[in-house]
Amino acid sequence: MKNKIEEYLKKVQEFHADNLEQLENFRIEYLSKKGKIPSLFADFRNVAPEERKEMGQLINSLKNAVQNKIVALKEALEQSSQSDGTDHDLTLPPNVTLGTRHPLSIVRNEIIEIFSRIGFSVSEGPEIEDDFHNFSALNFPPDHPARDMQDTFFIEKDPDIALRTHTSSVQIRVMENSKPPFRTVLPGRVFRNEAISARAHCIFHQVEGLVVDTDVSFADLKQTLFYFAKELFGENTKTRFRPSYFPFTEPSAEMDVSCNICGGKGCNICKYTGWVEILGCGMVDPFVLESCNIDSKKYTGFAFGMGIERITMLKYQINDLRLFFENDLRFLEQFKSAY
Ligand code: PHE
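Because the structure is predicted, anything quoted here is derived from the model rather than measured.

Reading guide: rules and limits
Residues numbered from 1 in each chain as written. Predicted model: local features only at pLDDT ≥ 70, side-chain atom pairs only at ≥ 80, totals over all residues. Heavy atoms only, no water. Axes fitted to C-alpha atoms, helices over the stretch in contact; angles between N-to-C directions. Helix = DSSP H or I, 4+ residues; strand = E, 2+ residues; numbered from the N terminus. Parallel < 35°, antiparallel > 145°, perpendicular 65-115°, else oblique. Left-handed = near helix turned anticlockwise from the far one by under 90°. Contact = heavy atoms within 4.5 Å. Salt bridge = Lys/Arg side-chain N within 4 Å of Asp/Glu carboxyl O. Buried < 20%, exposed > 50% of the residue type's maximum accessible area, 1.4 Å probe, protein only. Pairing = 2+ DSSP bridges. Phe/Tyr/Trp six-rings, centres within 6.5 Å; stacked < 30°, edge-to-face > 60°. Lys NZ or Arg CZ within 6 Å of the ring centre and 35° of its normal. Domains from an automatic or database assignment. Near = heavy atom within 4 Å. Polar contact = N/O pair within 3.5 Å; in protein donor to acceptor, adjacent residues only side chain to side chain. Areas by Shrake-Rupley, 256 points an atom, 1.4 Å probe, with all protein chains shown as cover. Nonpolar A, V, L, I, M, F, W, Y, C, P; charged D, E, K, R; others polar.

## Focus on the packing of helix α5 (residues 103-116) against helix α8 (residues 218-233)
Next, step 1: Contact pair α5 / α8: the axes reach a minimum separation of 10 Å and the direction vectors enclose 130°. Here α5 lies oblique to α8, going by the angle between them. Where α5 crosses over α8, the two elements pack in a sense that is right-handed. For the pair α5 and α8, contact is made by E110, I111, I114 and F115 and by T224, L225, Y227, F228, E231 and L232, respectively.

Encoded structure:
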């Protein structure tokens, strides 16, 4: 009998269950009415009196071992069933989907790339600006409507501190901080207090450009922007300039490109005109140069500014500007690019 009990003990110690069913069979095998332990107790009646003490202790320790084993295995099995139950192969490469660049970043990088090929550097400046850099130095008269609370998010009044309404403020910082010649593009986020709609947002992105040198003419402006439009929208793109007004440029113009969707024949994107407006531009007003201590008799320059959202909408035929700000993966995943 002693041998039998020791053999059982060994088996119990070695026992391992893969699931609750195996564990239940183990319990039945040892503890059920007809199981091994009750039958040992039945045999115990025939044990010689001098061996009873030892045998009794052995059978009890076997019974305890079985009960402890059941409790421990049950706990372990229940814990592992709470995980997802799959066996993970840690040698497999992780299942990560590569992200894509935001369409606005793709187009911004492309614009910068096109200008960098003809010698433009990139300049950046603060999003929170004072009145001088955002307005005064750019020749906005004190009562100009663009300073109105309608358009500008003011942070402090007297002296005025505001979120910049255009990246032209960075033009002023560039001209203040170094000496001409300049040939630089100024990308950045700008803020205007406008109602959010399919065509407008209170936050949007611009790329402006500034060239200041001796003998810079309107012909240089036209040729630079003509090159840019062809690089961005394709070799067959045509451009036209319409007179316009900005306080900081004189003369000023707006540039249209032939509609990249219909090739100029007329469609609903270009409202059947064959042309779409993409930017404002002009010769830097001498007042602006003088505000930055640049001799306007010696130097001339041109500047231009465009909204990245608008260009991206034209390039990818996106009809609602709000999509850029919603971070919907179904939208964002459609953009893959080298930039
Ligand atoms: N700053 C102008 C705007 O925000 C764009 C512009 C820049 C126009 C430079 C002309 C020259 O709309």
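## Comments concerning the pattern of salt bridges
Next, step 1: Applying the stated criterion across every chain yields a total of 16 salt bridges.
Next, step 2: A salt bridge links R173 to E129; its shortest N-O distance comes to 2.7 Å. Here R173, found in helix α7 (residues 168-177), pairs with E129, found in strand β2 (residues 128-130); they are 44 residues apart in sequence, far enough to count as distant.
Next, step 3: Of the charged contacts in the structure, one is a salt bridge between R330 and D328, with a shortest N-O distance of 2.7 Å.
Next, step 4: Look at R330 and you get exposed, because its relative accessible area is 65%.
Next, step 5: D328 sits in the partly exposed class, given a relative accessible area of 26%.
Next, step 6: The structure contains a network of salt bridges with shared partners spanning R240, R242, E254 and D256.

## With respect to the sheet that holds strand β1 (residues 121-122)
Next, step 1: If you walk across this open sheet you meet the 7 strands as β1-β5-β6-β10-β9-β8-β7, and the pairing is mixed. Looking at strand neighbours, the two that pair on one side only are β1 and β7 (239-246), the edges of this open sheet.
Next, step 2: As paired elements, strand β6 (residues 203-213) and strand β10 (residues 300-307) share 8 bridges and run antiparallel to each other. Paired with D213 across the bridge in β10 is T300.
Next, step 3: On the sheet, α5 packs against β1, β5 (182-191), β6 and β10 and is oriented at approximately 165° with respect to β5.

## Here's the deal with the sheet that holds β2
For sheets, the rule is that strands pair by backbone hydrogen bonds, running either parallel or antiparallel.
Next, step 1: Reading across from one edge, β2-β4-β3 is the order of the 3 strands in this open sheet, with antiparallel pairing throughout. Each edge of the open sheet is held by one strand with a lone partner, namely β2 and β3 (154-156). Looking at each pair of strands side by side, their axes are set apart by 35° on average, direction ignored.
Next, step 2: Both β3 and strand β4 (residues 161-163) contribute to a ladder of 2 bridges, which runs antiparallel. Along β4, the bridge assignment pairs F154 with A162.

## Here we look at the packing of aromatic side chains
Next, step 1: Evaluated as defined, the whole model comprises 15 aromatic pairs.
Next, step 2: Between F15 and F26, the ring centres sit 4.1 Å apart and the planes meet at 10°, which makes this aromatic pair stacked. One end of the pair, F15, is in the loop between α1 (2-14) and α2 (20-31); the other, F26, is in helix α2, with 11 residues separating them in the sequence.
Next, step 3: On the basis of relative accessible area, F26 is assigned to the buried category, the value being 2%.
Next, step 4: Where F26 meets Y30, the ring centres are 5.1 Å apart and the plane angle is 50°; that geometry is what we call tilted. With F26 and Y30 both in helix α2, this residue pair falls 4 residues apart, about one helical turn. In this structure, F26 and Y30 share a single accessibility class: buried.
Next, step 5: The structure contains a cluster of three or more aromatic residues connected by ring pairs, namely F115, F120, F228, F302 and F304.
Next, step 6: The ring centre of Y30 lies 5.1 Å from the NZ or CZ of K36, which sits over that ring.

## Regarding the domain arrangement of the protein
Next, step 1: Per the domain assignment, the segments of the protein are domain 1 (2-86) and domain 2 (104-335).
Next, step 2: Domain 1 and domain 2 are separated by 82 Å when their C-alpha centres are compared.

## A word on the pairing of strand β9 (residues 275-284)
Next, step 1: Summarising burial for β9: 8 of the 10 residues are buried, a large majority.
Next, step 2: Of the strand pairs in this sheet, strand β8 (residues 249-258) and β9 are connected by 8 bridges, and their pairing is antiparallel. Considered in β9, the bridge of A253 is made with C281.
Next, step 3: Bridging between β9 and β10 involves 4 bridges; their strand directions are antiparallel. When the sheet's bridge partners are listed, G282 is paired in β10 with A303.

## Some points on the site of the ligand
Next, step 1: For the ligand, the set of nearby residues contains 14 residues, the closest of which are H166, S168, R192, Q206 and E208.
Next, step 2: At a separation of 2.9 Å, an oxygen atom of the ligand approaches a polar side-chain atom of R192.
Next, step 3: Relative to its unbound accessible area of 320 Å², the ligand is 89% covered by the protein chains.
Next, step 4: Of all the secondary-structure elements, those providing two or more residues to the shell around the ligand are α7, β6, β9 and β10.
Next, step 5: Of all the elements, β10 adds the most residues to the shell around the ligand, at 3 residues.
Next, step 6: Considered class by class, the residues forming the shell around the ligand number 5 nonpolar, 7 polar and 2 charged.

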